[in-house]
Structures are given as structure tokens and as C-alpha cells.
Amino acid sequence: LVSLTTPPPEDPPEPGPAVRVVALRNPYITEIRVRRAGETAERRFPYARVGDTLILLGSELGAPYARVALGELVLPATPVRGGRLEVTVPDAVLPSGDPIPPEQRVQPGMRTVAAIVGDAPSPLRLARSNDAVVMIVPAVTPPPVYTPAGRTLRISGRRRTAAPGWS
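First, a word on scope: everything that follows refers to the structure included in this document. This is a predicted model, so every value here is computed, not measured. (Residues numbered from 1 in each chain as written. Predicted model: local features only at pLDDT ≥ 70, side-chain atom pairs only at ≥ 80, totals over all residues. Heavy atoms only, no water.)

What follows concerns the sheet that holds strand β7 (residues 84-88). Taken together, four strands build an open sheet; the order of strands is β1-β3-β7-β6 and the sheet is antiparallel. Whereas interior strands pair on both sides, the edge strands pair on one side only; in this sheet they are β1 (28-35) and β6 (78-81). Strand-to-strand twist of the sheet, defined as the mean angle between neighbouring strand axes without regard to direction, takes the value 25°. Here seven bridges tie β1 to strand β3 (residues 53-59), and the two strands are oriented antiparallel to one another. Opposite Ile32, over in β3, you have Leu56 as the bridge partner. (Pairing = 2+ DSSP bridges. Helix = DSSP H or I, 4+ residues; strand = E, 2+ residues; numbered from the N terminus. Axes fitted to C-alpha atoms, helices over the stretch in contact; angles between N-to-C directions.)

Below you can see the structure in the form of C-alpha cells.
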């Protein structure tokens, strides 16, 4: 029972253990654009080929440590500004020069894309964004050639199909 007439203590209580709190702001992807290899213009649709640059736009994407998960492949990304990350779709080699195993190479089809950002590469200090979707398409070079006499359509390029043994 506390009496209302009891005077307050002279000294404040001793402080307890210090707890550091860091507010996490989750990154969020709102749009994906594509810059074709060798071009400067950004395209506002998420269709990319090997060698193209994916541009992720959104919020909280700028951080000292930035990666982009393209399917199962995690790639180093370039933070351009706080709301923009860029990453090039690799072929068979990572930007570090390490080879990508054939079963992990990016193949045609829909792939999820997510930003992984933080102030250090420690798993406890990273935040992962929402998943967005990009369509990886084959690169056809030069244009297909149709020969009416032989009823042949010859298509050359890279990543035409994900079938084993095809490039």
C-alpha cells in the first residue's frame, strides 16, 4: 500500500542493461525496368535477355550491401539511389569471375526477383523485399531465316530453351 503523503525518492533508480534497437525498413519493389545490352534507354516492361540490365525501382533499396535474388541465383547489385538497384542478367559467369554451374544459369521463363539490402552481409542485418516477376526471354540473333523451298526455319541465338544440352 502506498501512501499519498510519502515523498518521492531523492535519486532515480539505477539503469538496467542497455538495449540497442534498430528500426528496420523493409525494401519494397514497385516496378522493374530493363535496359538492353548496348542501349541507354530504359524499357518499362519486365522482359529481359542474358546481358540486359534489370532496374529495380521502389523504396528502401539503397544500402551499403545490396544483392538481387534472380530465382535461386543471388547477384551483387549496384545501388544507384535510395529507390533504385541495377543488376545485369549473367550468362555463365558471375561479375566476380566465378563460373555459374549449368543447373543454376538463368533460363527462359518467369523468374522471381527480390532485393536483399542491409548495412553488412550479416544475415541478422539484412532485409529482403517483396518478390517481383521478370520474364527471361531468348536472344535471337540475327533475325530468323525462312527458306520456303525446304520449309526450314533456322533460329540462332542464346537461351532459346531450357532443354539440357542447348545454349
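Another point: the pattern of salt bridges. Counted by the stated rule, this structure contains ten salt bridges. Among the salt bridges present, the one from Arg35 reaches Glu86, with a minimum N-O distance of 2.8 Å. Of this pair, Arg35 sits in strand β1 while Glu86 sits in strand β7, and the two are 51 residues apart along the sequence. Relative accessible area serves as the criterion here: at 18%, Arg35 is assigned to the buried category. Judged by relative accessible area, Glu86 falls into the buried class, the value being 14%. A salt bridge links Arg43 to Glu39; the nearest nitrogen and oxygen atoms lie 3.2 Å apart. Residue Arg43 is classed as partly exposed on the basis of its relative accessible area, which comes to 29%. Each of Glu31, Arg33, Arg35, Glu42, Arg44, Arg84 and Glu86 takes part in one network of salt bridges that share partners. (Salt bridge = Lys/Arg side-chain N within 4 Å of Asp/Glu carboxyl O. Buried < 20%, exposed > 50% of the residue type's maximum accessible area, 1.4 Å probe, protein only.)

Here the focus is the nonpolar core. Counting 26 residues, the largest nonpolar core has Leu54, Leu56, Leu70, Leu85, Val89 and Val113 as the members making the most contacts within it. Non-local contacts of Leu54, meaning those with residues more than four positions away in its chain, are made with Ile32, Arg33, Val34, Ala48, Leu70, Leu85, Glu86, Val87, Val89, Val113 and Val134. (Core = buried A, V, L, I, M, F, W, Y, C linked by side-chain atoms within 4.5 Å. Contact = heavy atoms within 4.5 Å.)

What follows covers the environment of Leu75. Along the polypeptide, Leu75 turns up in strand β5 (residues 73-76). Residues Leu75 and Leu94, spaced 19 residues apart in sequence, show a C-alpha to C-alpha distance of 7.5 Å. Apart from the residues within four sequence positions on either side, Leu75 is in contact with Arg67, Val68, Leu70, Val87, Thr88, Pro90 and Leu94.

Let us look at the pairing of β7. Counting buried positions along β7 gives four out of five residues, so the element sits mostly inside the fold. One ladder, built from five bridges, connects β3 with β7; its direction is antiparallel. The residue of β7 that forms the bridge with Ile55 is Glu86. One ladder, built from three bridges, connects β6 with β7; its direction is antiparallel. Opposite Arg81, over in β7, you have Arg84 as the bridge partner. Taking the residues between adjacent antiparallel strands as the criterion, β6 and β7 are bridged by two residues.

With that out of the way, let us pick up the packing of aromatic side chains. Enumeration over the complete set of coordinates arrives at one aromatic pair. When the centroid spacing of 5.9 Å and the interplanar angle of 55° are considered together, the rings of Phe45 and Tyr47 count as tilted. (Phe/Tyr/Trp six-rings, centres within 6.5 Å; stacked < 30°, edge-to-face > 60°.)

Attention now goes to the environment of Leu61. For Leu61, the location among the structural elements is in the loop between β3 and β4 (65-70). Taking the C-alpha atoms as reference, Leu61 lies 9.7 Å from Ala127; in sequence the two are 66 residues apart.

None of this, on its own, says anything about what the molecule does.
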